[in-house]
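So you can see what is in the structure, the chains are spelled out below.
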Amino acid sequence: MTPDVGAAERIANPLSLPDYRRYWLSRVATTIATQIQVVAVGWQMYEITGSALALGLVGLFQFAPALLLIMVVGPIVDRYDRRRILMLCRLVQGSAALSLAVASLTGLLDQSLLYGLVFLLGIVGAFEMPAGQAMLPSLVPPHLLSRAVALGSSAHQAATIGGPALGGFLYVAGPHTVYLTSGSLFFVSLLLLSRIQIRPRAAARPKISVEYLLAGMVFIRRHPVLLGAVSLDLFAVLLGGATALLPIYAKDILHTGPWGLGLLRSAPAVGALAVALWLARHPLQRRVGPLLLGAVAAFGAGTIVFGLSHWLPLSLGALVVMGAADMVSVVIRISLMQLETPDEMRGRVGAVNSLFVGASNQIGEFESGLLAAWLGAVPAVVLGGVGTLVVVALWWRVFPLLARRDRLEPD
């Protein structure tokens, strides 16, 4: 159970709280499962189709559910048990992974089946992020929230380091091995979530109306700092994301195999983990707005270096820088969103944020794949990095309150 206020104030490490620790371990298991599965899906899709556009469509199929369900997800997360929503997500993810294993073993796996399962996982993802983020403040006291975000992000990034590399090596034994491992980890995460105890929320259930459904969007629009932060991430990653093209870089530009793809996918997490561990011990105190904009600019510069590189160590180094910069952005953005938003609205605001994140990641993958199909992989990545730098310059002028924001906590 969440500790009383007096005891909570004496706690310095969120991991000393049993429920947060279970949540943290659950996130580790889920991220490893997701990352090893992503390696297998990306490699199989490129082997089946040989198409950059097909890789980009994976992102589009994953994002589409978040867009279609935007009016449904937030109200559900705000009105129902967030822990049970996450448990249902894990059940579906584990079952989907086992289905991929069976399809791989029986030779039934093809392009259409991969797209279908990616779409299903996109539906799960539409609920997973807002439910998880909205539940987090129930597990830790407010003074530990930014540290808990950093620790959660460090868990995510540590798993992202090991997950793709593990997926690349497991793929040697066959894709079914990757999917069986992934499914097992999803069910471990489900078990951990089932042991979390949270005090019931005394949240009212107002009548569903258009105003209620749109409240998350209205709230973000009326708070320029939040609007600037989430839209900055949207456009920066939308333009600068190159992850969809990593199979092309691994196979055709850097001339490595699945193991090289695993290293490329892990590299951003190395930088992100280092920054997350630092921020867990040294929480951000001042000048968070300039830090956010500077971090996104560093992400864009790293994207340009990666796009131009034909040498694996340099490519890995550029991805490490990108991951470190992105982690600064993630911690600031999530902390701002949770500290500025009332608990009864966190689901709806989180759903909007999830849509923005999904658009930046999945639509960014589609945009990268489309540009690569037209111009080639290298020009597509370099143009994306340049576009990110342009976005930072524009946001510095368009959102002056964000650029001048000093502390995470609202004034």
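To start, this report covers the structure provided alongside it. What you are looking at is a predicted structure, and each value in this text was computed from that prediction instead of being measured.

**Let's talk about the overall build of the chain**
Within the chain, the secondary structure is distributed over 18 helices and zero strands. In the chain, buried positions account for 57% of the 411 residues. Look at the contacts in the chain between residues 6 or more apart in sequence, and 88% of them connect residues 24 or more apart. When the accessible area of the chain is evaluated, it comes to approximately 16700 Å², of which 68% is carbon and sulfur surface.

**Focus: the packing of aromatic side chains**
Overall, the coordinates contain three aromatic pairs when judged by the stated rule. With 6.1 Å between their ring centres and 35° between their planes, Tyr20 and Tyr23 make a pair best called tilted. Note that Tyr20 and Tyr23 are positioned in helix H2 (residues 18-49) at a spacing of three residues, about one turn of the helix. On the basis of relative accessible area, Tyr23 is assigned to the buried category, the value being 10%.

**A look at the packing of helix H4 (residues 70-79) against helix H6 (residues 111-135)**
Where H4 contacts H6, the two axes come as close as 10 Å, and the packing angle between them is 35°. The way H4 lies across H6 gives a crossing that is right-handed. On the side of H4, the interface is formed by Val73, Ile76 and Val77, while H6 contributes Ala126, Phe127, Pro130, Ala131 and Ala134. Classifying every residue of the contact of H4 with H6 gives eight nonpolar, no polar and no charged.

**Concerning unusual backbone geometry**
The phi dihedral of His255 is positive, around 55°, even though this residue is not glycine. Note on placement: His255 falls in the loop between helix H12 (246-253) and helix H13 (258-281). With a phi angle near 55°, Arg287 is a residue other than glycine that sits in the positive phi range. Tracing the backbone through its elements, the reader meets Arg287 in the loop between H13 and helix H14 (288-308).

**A word on the pattern of salt bridges**
Pairing between side chains of opposite charge can happen when their charged atoms approach one another. Within the structure shown, the criterion is met by five salt bridges. With a shortest N-O distance of 2.7 Å, Glu128 and Arg90 are connected by a salt bridge. Taken together, the positions of Glu128 in helix H6 and Arg90 in helix H5 (residues 82-106) put the pair 38 residues apart, joining distant regions of the chain. Neither residue differs from the other here; Glu128 and Arg90 are each classed as buried.

**Describing H6**
End to end, H6 covers 36 Å across 25 residues, agreeing with the expected 36 Å (1.5 Å per residue, within 8%). At Val124, H6 shows its maximal bend, which comes to roughly 25°.

**Regarding the nonpolar core**
Membership of the largest hydrophobic core comes to 118 residues, with the highest contact counts inside it found for Tyr20 and Phe306. With 14 residues, helix H15 (residues 312-340) is the largest single contributor of residues to this core.

**Some details on the packing of H14 against H15**
Following both chains from N to C, one finds H14 and H15 inclined at 160°, their axes separated by 8 Å at the closest point. Considering the angle they form, H14 stands roughly antiparallel to H15. Classified by chirality, the crossing of H15 by H14 is left-handed. Residue-level inspection shows Val288, Leu291, Leu292, Ala295, Val296, Ala298, Phe299, Gly302, Thr303, Val305 and Phe306 of H14 in contact with H15, the latter providing Leu314, Ser315, Ala318, Leu319, Val321, Met322, Ala325, Asp326, Val328, Ser329 and Ile332. A breakdown of the residues in the contact of H14 with H15 according to their chemical character gives 17 nonpolar, four polar and one charged.

**Here we look at empty space enclosed by the protein**
A complete count under the given rule lists five cavities of 30 Å³ or more for this structure. Considered as a void within the structure, the second largest cavity measures approximately 60 Å³ in volume. If you trace the second largest cavity, you find it lined by Leu232, Asp233, Ala236, Val237, Ala295, Val296, Phe299, Ala325, Asp326 and Ser329. When contributions to the lining of the second largest cavity are tallied by element, the ones reaching two or more residues are helix H11 (224-240), H14 and H15. A per-element tally of the lining of the second largest cavity places H11 first, with four residues. Here the lining of the second largest cavity is built from residues that sort into seven nonpolar, one polar and two charged.

**Some thoughts on the environment of Gly174**
Along the chain, Gly174 turns up in the loop between helix H7 (145-170) and helix H8 (175-194). Judged by its relative accessible area of 12%, Gly174 falls in the buried class. Remark: the alpha-carbon pair of Gly174 and Ser104, spanning 70 residues in sequence, is separated by 8.5 Å.

Rules of the game
- Residues numbered from 1 in each chain as written.
- Predicted model: local features only at pLDDT ≥ 70, side-chain atom pairs only at ≥ 80, totals over all residues.
- Heavy atoms only, no water.
- Helix = DSSP H or I, 4+ residues; strand = E, 2+ residues; numbered from the N terminus.
- Buried < 20%, exposed > 50% of the residue type's maximum accessible area, 1.4 Å probe, protein only.
- Contact = heavy atoms within 4.5 Å.
- Areas by Shrake-Rupley, 256 points an atom, 1.4 Å probe, with all protein chains shown as cover.
- Phe/Tyr/Trp six-rings, centres within 6.5 Å; stacked < 30°, edge-to-face > 60°.
- Axes fitted to C-alpha atoms, helices over the stretch in contact; angles between N-to-C directions.
- Left-handed = near helix turned anticlockwise from the far one by under 90°.
- Nonpolar A, V, L, I, M, F, W, Y, C, P; charged D, E, K, R; others polar.
- Salt bridge = Lys/Arg side-chain N within 4 Å of Asp/Glu carboxyl O.
- Expected span 1.5 Å × (residues − 1).
- Bend = angle between axes of the 7 residues up to and from the residue.
- Core = buried A, V, L, I, M, F, W, Y, C linked by side-chain atoms within 4.5 Å.
- Parallel < 35°, antiparallel > 145°, perpendicular 65-115°, else oblique.
- 1 Å grid on protein atoms, 1.4 Å probe; cavity = no way out; pocket = protein on both sides within 12 Å on 5 of 7 lines; lining within 4 Å.
- Points joined across faces, edges and corners; volume = space filled by probe spheres on them.

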